[in-house]
Amino acid sequence: MEMASSPRTVEEIYKDFCARRAGVVRALTYDVDEFYGLCDPDKENLCLYGHPNESWEVTLPAEEVPPELPEPALGINFARDGMNRKDWLSLVAVHTDSWLLSVAFYLGARLNRNERKRLFSLINDQPTVFEVVTERKPIKDKPSVDSSSKSRGSTKV
């Protein structure tokens, strides 16, 4: 896990996030059969890592304590055979989204309020790994329109 020794910019952290995200998306979509095979429930606690070079890896967690970066979900391999394949991939995707956000905000610890807002906004413009894996399309600005029309409809009744 590489980490720059100097404070990082919003752009650098976002680039890191996108590269790690691209790696895990590939693992959970295009390389899904290879990924599934690597997650043998008979092995020890495994984690899915996305790397800043857009690669991915299923391996044991880092041995150093505390780790250099936040760790992804531990033991993704244990539930594999006890669940429907799509459900298991969705579960891994949700945990991966959490990990990606964790890494981004860990790297951005020295950012100020406006920089953190900008970083979150950039990240939020990307579909989540879960949305990609489950083929859900994010709907922009729909909930506010729907909720206002529902509230208007309920007052007329």
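Residues numbered from 1 in each chain as written. Predicted model: local features only at pLDDT ≥ 70, side-chain atom pairs only at ≥ 80, totals over all residues. Heavy atoms only, no water.

Draft legend 1. Structural view of unusual backbone geometry. Positive phi, close to 70 degrees, is recorded for E54, a residue that is not glycine. Relative to the helices and strands, E54 is located in the loop between β1 (47-50) and β2 (56-59). Judged by relative accessible area, E54 falls into the partly exposed class, the value being 41%. Despite not being glycine, E135 has its phi angle at roughly 60 degrees, a positive value. (Helix = DSSP H or I, 4+ residues; strand = E, 2+ residues; numbered from the N terminus. Buried < 20%, exposed > 50% of the residue type's maximum accessible area, 1.4 Å probe, protein only.)

Draft legend 2. Just helix α4 (residues 113-124), in detail. When the terminal C-alpha atoms of α4 are compared, their 16 Å separation across 12 residues agrees well with the 16 Å that a helix rising 1.5 Å per residue should span. The backbone nitrogen of N114 lies 3.0 Å from a side-chain oxygen of the residue at the head of α4, namely N112. (Expected span 1.5 Å × (residues − 1). Polar contact = N/O pair within 3.5 Å; in protein donor to acceptor, adjacent residues only side chain to side chain.)

Draft legend 3. Broad picture of the packing of helix α1 (residues 10-28) against helix α3 (residues 85-107). Where α1 meets α3, the closest approach of the two axes is 10 Å, and the angle between their N-to-C directions is 165 degrees. When the interaxial angle is binned, α1 and α3 end up roughly antiparallel. Between α1 and α3 the crossing geometry is right-handed. Two secondary-structure elements touch here, α1 through I13, D16, F17, R20, R21, V24 and L28 and α3 through L89, V92, A93, T96, W99, L100, L101, V103, A104 and L107. Tallied by class, residues from the contact of α1 with α3 come to 13 nonpolar, one polar and three charged. (Axes fitted to C-alpha atoms, helices over the stretch in contact; angles between N-to-C directions. Parallel < 35°, antiparallel > 145°, perpendicular 65-115°, else oblique. Left-handed = near helix turned anticlockwise from the far one by under 90°. Contact = heavy atoms within 4.5 Å. Nonpolar A, V, L, I, M, F, W, Y, C, P; charged D, E, K, R; others polar.)

Draft legend 4. Spotlight on empty space enclosed by the protein. Scanning the entire structure with this criterion turns up two cavities of 30 Å³ or more. Of the pockets and cavities examined, the largest cavity occupies roughly 50 Å³. Lining the largest cavity are L48, P72, A73, I76, V92, H95, T96 and W99. Top contributing element to the lining of the largest cavity by residue count: α3, with four residues. (1 Å grid on protein atoms, 1.4 Å probe; cavity = no way out; pocket = protein on both sides within 12 Å on 5 of 7 lines; lining within 4 Å. Points joined across faces, edges and corners; volume = space filled by probe spheres on them.)

Draft legend 5. The arrangement of the pairing of β2 in detail. Of the two faces of β2, the one holding W56 and V58 is buried and the one holding E57 and T59 is not buried anywhere. Across four bridges, the pairing between β1 and β2 is antiparallel. Residue pairing across strands places C47 opposite T59, the latter belonging to β2. Counted along the chain from β1 to the antiparallel partner β2, the turn is five residues long, and its residue E54 has a positive phi close to 70 degrees. (Pairing = 2+ DSSP bridges.)

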